[in-house]
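Structural overview
What follows is the residue order along each chain.
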Amino acid sequence: MSALRPDRAMIEVEGLHKYFGESHVLRGIDLTIAAGEVVCIIGPSGSGKSTLLRCINHLEIPEKGNIRIDGQLAFRTEKNGIFRSHSNRAISAVRAELGMVFQQFNLFPHLTVMGNIIEAPVHVLRKPREIARKRGRELLAQVGLADKEDAYPEELSGGQQQRVAIARALAMEPKAMLLDEVTSALDPELVAEVLAAMRDLAAQGMTMLIVTHEMNFARQVSSRVIFMDRGVIVEEDSPARIFGAPRERRTRDFLRTVLDR
Amino acid sequence: MELFNLEIALRNFGPLLAGLMLTIELTIVVMALSLVLALLVALGGLSRFFPLRWLVKSYVEAIRGTPLLLQLIYVYYVLPEVGIRLDSFTAGVIALTLNYSAYISEVYRGGIQAIVRGQHDAAAALGMTRMLAMRRIILPQAIRMVIPALGNYFIGLFKDTALCSVVSIQEVVFTAQILAARNFQYFTLYTVVGVMYFAVSFPAARLVAYLERFSKRGYRRRRS
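An account of the accompanying structure is given in this report. Since the structure is predicted, the reported quantities are computational estimates derived from the model, not experimental observations.

1. A word on the packing of helix H1 (residues 6–45) of chain B against helix H6 (residues 130–160) of chain B
Residue and element names in this part refer to chain B. Between H1 and H6, the shortest axis-to-axis distance is 11 Å and the interhelical angle comes to 145°. Every pair of crossing elements has a handedness; the one defined by H1 and H6 is right-handed. In this structure, H1 contributes Leu-20, Thr-23, Ile-24, Thr-27, Ile-28, Val-30, Met-31, Leu-35, Leu-39 and Leu-43 to the contact, and H6 contributes Met-134, Leu-139, Leu-150, Tyr-153, Phe-154, Leu-157 and Phe-158. Partitioned by chemical class, the residues of the contact of H1 with H6 number 15 nonpolar, 2 polar and no charged.

2. With respect to the interface of chain A and chain B
Taken together, the contacts link 27 residues of chain A with 22 residues of chain B. Summed over both partners, the interface of chain A with chain B buries about 2,300 Å², with 57% contributed by carbon and sulfur atoms. Taken as a group, Phe-108, His-110 and Glu-154 of chain A account for 23% of the area that chain A buries against chain B, more than any other trio of residues on that side. For the interface between chain A and chain B, the tally reads 3 salt bridges.

3. Structural notes on the environment of Arg-117 of chain B
Mapped onto the secondary structure, Arg-117 of chain B falls in helix H5 (residues 117–125). Beyond its immediate chain neighbours, meaning those up to four positions away, Arg-117 of chain B contacts Arg-54, Leu-59 and Glu-60 of chain A.

4. Quick look at the sheet that holds strand E8 (residues 98–101) of chain A
All names here are of chain A. Read across the open sheet, the 6 strands follow the order E8-E9-E10-E3-E11-E12; overall the sheet is mixed. Strands at the two margins of the open sheet, each flanked by one partner only, are E8 and strand E12 (232–237). Pairs of neighbouring strands in the sheet enclose a mean axial angle of 15°, with direction left out of account. Where strand E9 (residues 176–180) meets strand E10 (residues 207–211), 5 bridges bridge the pair, whose relative direction is parallel. Each bridged residue has a counterpart across the sheet, and for Leu-179 the counterpart in E10 is Ile-210.

5. Details of the nonpolar core
Counting 74 residues, the largest nonpolar core has Ile-11, Val-13, Leu-52, Ile-56 and Leu-209 of chain A as the members making the most contacts within it. For this core, the element with the most residues is H6 of chain B, which contributes 10 residues. Setting aside residues no more than four positions away along its own chain, Ile-11 of chain A makes contact with Leu-31, Thr-32, Ile-33, Ile-56, Arg-68, Ile-69, Ala-176 and Leu-178 of chain A. Among the nonpolar cores identified, the runner-up in size contains 52 residues, and Met-114, Ala-202, Val-234 and Leu-255 of chain A belong to it.

6. Quick look at the packing of aromatic side chains
In this structure the tally under the stated criterion is 7 aromatic pairs over all chains. Residues Phe-227 of chain A and Phe-254 of chain A carry aromatic rings whose centres are separated by 5.2 Å and whose planes lie at 35° to one another, so their mutual orientation is tilted. In this pair, Phe-227 of chain A is assigned in strand E11 (residues 224–229) and Phe-254 of chain A in helix H9 (residues 249–259), connecting sequence segments 27 residues apart. Of the two residues examined, Phe-227 of chain A and Phe-254 of chain A, each falls in the buried class. An angle of 65° between the planes, with centres 5.3 Å apart, marks the rings of Phe-158 of chain B and Tyr-197 of chain B as edge-to-face. Of this pair, Phe-158 of chain B sits in helix H6 while Tyr-197 of chain B sits in helix H8 (residues 186–216), placing them 39 residues apart in sequence.

What counts and what doesn't
- Residues numbered from 1 in each chain as written.
- Chains lettered and ligands numbered in written order.
- Predicted model: local features only at pLDDT ≥ 70, side-chain atom pairs only at ≥ 80, totals over all residues.
- Heavy atoms only, no water.
- Axes fitted to C-alpha atoms, helices over the stretch in contact; angles between N-to-C directions.
- Helix = DSSP H or I, 4+ residues; strand = E, 2+ residues; numbered from the N terminus.
- Left-handed = near helix turned anticlockwise from the far one by under 90°.
- Contact = heavy atoms within 4.5 Å.
- Nonpolar A, V, L, I, M, F, W, Y, C, P; charged D, E, K, R; others polar.
- Buried area = accessible area lost by both parts, 1.4 Å probe.
- Salt bridge = Lys/Arg side-chain N within 4 Å of Asp/Glu carboxyl O.
- Pairing = 2+ DSSP bridges.
- Core = buried A, V, L, I, M, F, W, Y, C linked by side-chain atoms within 4.5 Å.
- Buried < 20%, exposed > 50% of the residue type's maximum accessible area, 1.4 Å probe, protein only.
- Phe/Tyr/Trp six-rings, centres within 6.5 Å; stacked < 30°, edge-to-face > 60°.

Any functional reading would require information that these geometric values do not contain.
Structure (structure tokens):
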């Protein structure tokens, strides 16, 4: 993994619009994440943060706009305002390059921890099972769960499950990680272990786009913080500026309500 | 004359048991075929390809809207009029399989649709195509969930095969009919048949009840 490389855009979002029925949840998002950057997106619920993340790997299909992953136009091609979807295989191939971790973990309950981790490397990347297992063991050690490879997800605490989910995403050797409120479903005492795993990952130079409500984490780990509200990026800046001297009134109001608890 | 004649029962036990064996054979053949066909039907019904969905829906509704007895008669007595002549066992297998596949496909569909969105999302995010996700992630969970329901259909089928007596398959009921036509020992013969059915379905029902408890349990292996 490389360190920060501002010259290489890993994720580019351009003019993204998304509607859910009548409601216009993303209203023209432009965003570039460079290789090695750790970017946190903060903002009130309903501001479109999670939808943006899900659009980046095409779990939601935006009405307008383009996504580029590592310089390549992803998922579809626009011609004269008409979008032509790429083949299912091409869409899956781009997703395979992005690791995603969800609020609700979404581990596969019928597979063991190791089964969860090697499933996609073996069946999508066609890695030999033994090599996938070896890498799986390294990743489990990295997230502090070396002794859990034979456990089933339901035998684990929420924090452990989420660390397995992180390892599962890393097993695909992704170019970037998308983390969608990964600590929001956890009991408070389990949040720290997951944040620690994410901190390690950031320290290794992984490109990360993180939607979070953990303001201290965002302040300490991010290279950049984005504040979203009502479907637009209101402000983006260094964590020091966002948390110390935000320019926008909406950012100040939001930070006041979340930090004054 | 007593109602239940033990001597008659014993003397006819052999042929009736042979009939029961054919009943069981019919049940197993039809169930095996239906489990596979129903899965294809269920997947067709969930397809993104509209004509296939429509075809599957029509088939399921046609089967569910008509009696099984009629379907049996249709395959055996009506198809020959258009030149399709089947022996009675084949006709029985086809009619029962078409019938049970329609019902069981709905069971599968329910199981597949009960899998939460997050499982699809996780599989997709890992780069799995819809087909791979279905095979590796969704179906294994869905099938486990519907095993008790399938067990109940299995038992239901075992009893429904009695209808095949109308297409003269020599299963246990038809065997009893033939024997009774000769010796008029209806009470004895049909009581033996009833006991035979019960002797198979009751333990099978207990087994399904056990499976039900098993499928409600989590994926945790039992630790001794």
